[in-house]
Amino acid sequence: MTRITSTALYLQVAERLRQQIFAHELTPGDWVDEQKLCEQYGISRTPLREALKVLAAEGLVELKPRRGCYVTEISRQDLDDIFPLIALLEGRCAFEAVQRLKAEDLAGLAALHEQLEKAAAEQEIAQFFEANQEFHRTIQSLSGNRWLLSVIQDLRKVLKLSRLHSLSLEGRLQQSLAEHREILRHIQALDAAGAERAMSAHILSGREALARMAVAGLA
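Source: prediction; values computed, not measured. (Residues numbered from 1 in each chain as written. Predicted model: local features only at pLDDT ≥ 70, side-chain atom pairs only at ≥ 80, totals over all residues. Heavy atoms only, no water.)

Caption draft 1: Representation of the layout of surface pockets. Looking at the largest pocket, its volume works out to about 1,000 Å³. Every residue lining the largest pocket is counted, 34 residues in all, and those nearest its centre are Phe129, Gln133, Arg156, Leu159 and Lys160. Elements supplying a minimum of two residues to the lining of the largest pocket: helix H1 (9-22), helix H4 (76-100), helix H6 (125-143), helix H7 (146-159), helix H8 (172-188) and helix H9 (192-215). Ranked by the residues each element gives to the lining of the largest pocket, the list is headed by H6, at 7 residues. Of the residues assigned to the lining of the largest pocket, the class counts are 11 nonpolar, 13 polar and 10 charged. (1 Å grid on protein atoms, 1.4 Å probe; cavity = no way out; pocket = protein on both sides within 12 Å on 5 of 7 lines; lining within 4 Å. Points joined across faces, edges and corners; volume = space filled by probe spheres on them. Helix = DSSP H or I, 4+ residues; strand = E, 2+ residues; numbered from the N terminus. Nonpolar A, V, L, I, M, F, W, Y, C, P; charged D, E, K, R; others polar.)

Put into structure tokens, the structure is as follows:
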């Protein structure tokens, strides 16, 4: 009988590399120096290459024959392609979440929204961003659809390659807050279709904000 072992080394390496990419210690377009990483991590080439295959499957790196491995660069076209997919998927999450809601779930979402209101009132962008992330994660979790969550998480990982942050655009913080109010209003009314539309519109509004940043030369 096969014994249970601790997490495979290559998965630990993949997670460390993933965090370095998200922290932009390894930036989009960077060549991944395998020898340097092996020395830094104190590992052989085998677990590193297995880890890079995992990240390539997630879209975070690209393995180029005879050229090596590079951190994926995300283009404006990529953003145009990804945001409508996320809007569709997160909208569906909101729809399914409403159908499964319990009283305590509504209270939890209301409490998260209060954090958004407070952060917006104090112009605390970092706090608003964190509360926003938790609000979305909670709705996704409440949908109870693990397949939706899996695809959304994969797409969100790719978006982390971008340094762009729409909340830094003038007026976007208050606009985002108004959109969250609309989402919550439909959820509290147990209006699944309305929640789906509001969530989808909110995601697409974020892409539009990024586009305005590009036009203004802020991206």
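Caption draft 2: Fine view of the packing of H6 against H8. At a minimum axis distance of 12 Å, the contact between H6 and H8 shows a crossing angle of 25 degrees. If you check the angle between H6 and H8, you find them roughly parallel. Read as a crossing pair, H6 and H8 show a hand that is left-handed. Contacts from Phe128, Asn132, Phe135, His136 and Ile139 of H6 reach H8 at Leu173, Ser176, Leu177, His180, Ile183 and Ile187. Across the contact of H6 with H8, the residue classes break down as 7 nonpolar, 4 polar and no charged. (Axes fitted to C-alpha atoms, helices over the stretch in contact; angles between N-to-C directions. Parallel < 35°, antiparallel > 145°, perpendicular 65-115°, else oblique. Left-handed = near helix turned anticlockwise from the far one by under 90°. Contact = heavy atoms within 4.5 Å.)

Caption draft 3: View of the side chain of Gln140. With respect to the secondary-structure elements, Gln140 resides in helix H6. Gln140 gets classed as buried once you look at its relative accessible area, which sits at 8%. In this structure, Gln140 is in contact with Glu90, Cys93, Leu149 and Ile152, ignoring residues within four places of it in sequence. (Buried < 20%, exposed > 50% of the residue type's maximum accessible area, 1.4 Å probe, protein only.)

Caption draft 4: Region of the structure containing the packing of H1 against helix H3 (residues 45-57). The contact between H1 and H3 brings their axes to 8 Å, and the two run at 60 degrees. Between H1 and H3, the angle is such that the two are oblique. Here H1 and H3 pass one another in a crossing that is right-handed. Of the residues in H3, those in contact with Leu9, Tyr10, Val13, Ala14, Leu17, Arg18 and Ile21 of H1 are Pro47, Leu48, Glu50, Ala51, Leu52, Val54 and Leu55. Residue composition of the contact of H1 with H3, grouped by class: 12 nonpolar, no polar and 2 charged.

Caption draft 5: Highlighting the pairing of strand E1 (residues 61-64). By the bridge criterion, 4 bridges tie E1 to strand E2 (residues 68-71) in an arrangement that is antiparallel. For Val61, the partnering residue across the bridge sits in E2 and is Val71. Between E1 and E2, which follow one another and run antiparallel, lie 3 residues, and Arg66 among them has a positive phi close to 65 degrees. (Pairing = 2+ DSSP bridges.)

Caption draft 6: The arrangement of the pattern of salt bridges in detail. Within the structure shown, the criterion is met by 14 salt bridges. Close ionic contact of Glu182 with Arg185 constitutes a salt bridge, the shortest N to O distance being 2.7 Å. One end of the pair, Glu182, and the other, Arg185, are both in helix H8, 3 residues apart, so they sit about a helical turn from each other. Arg185 sits in the partly exposed class, given a relative accessible area of 46%. (Salt bridge = Lys/Arg side-chain N within 4 Å of Asp/Glu carboxyl O.)

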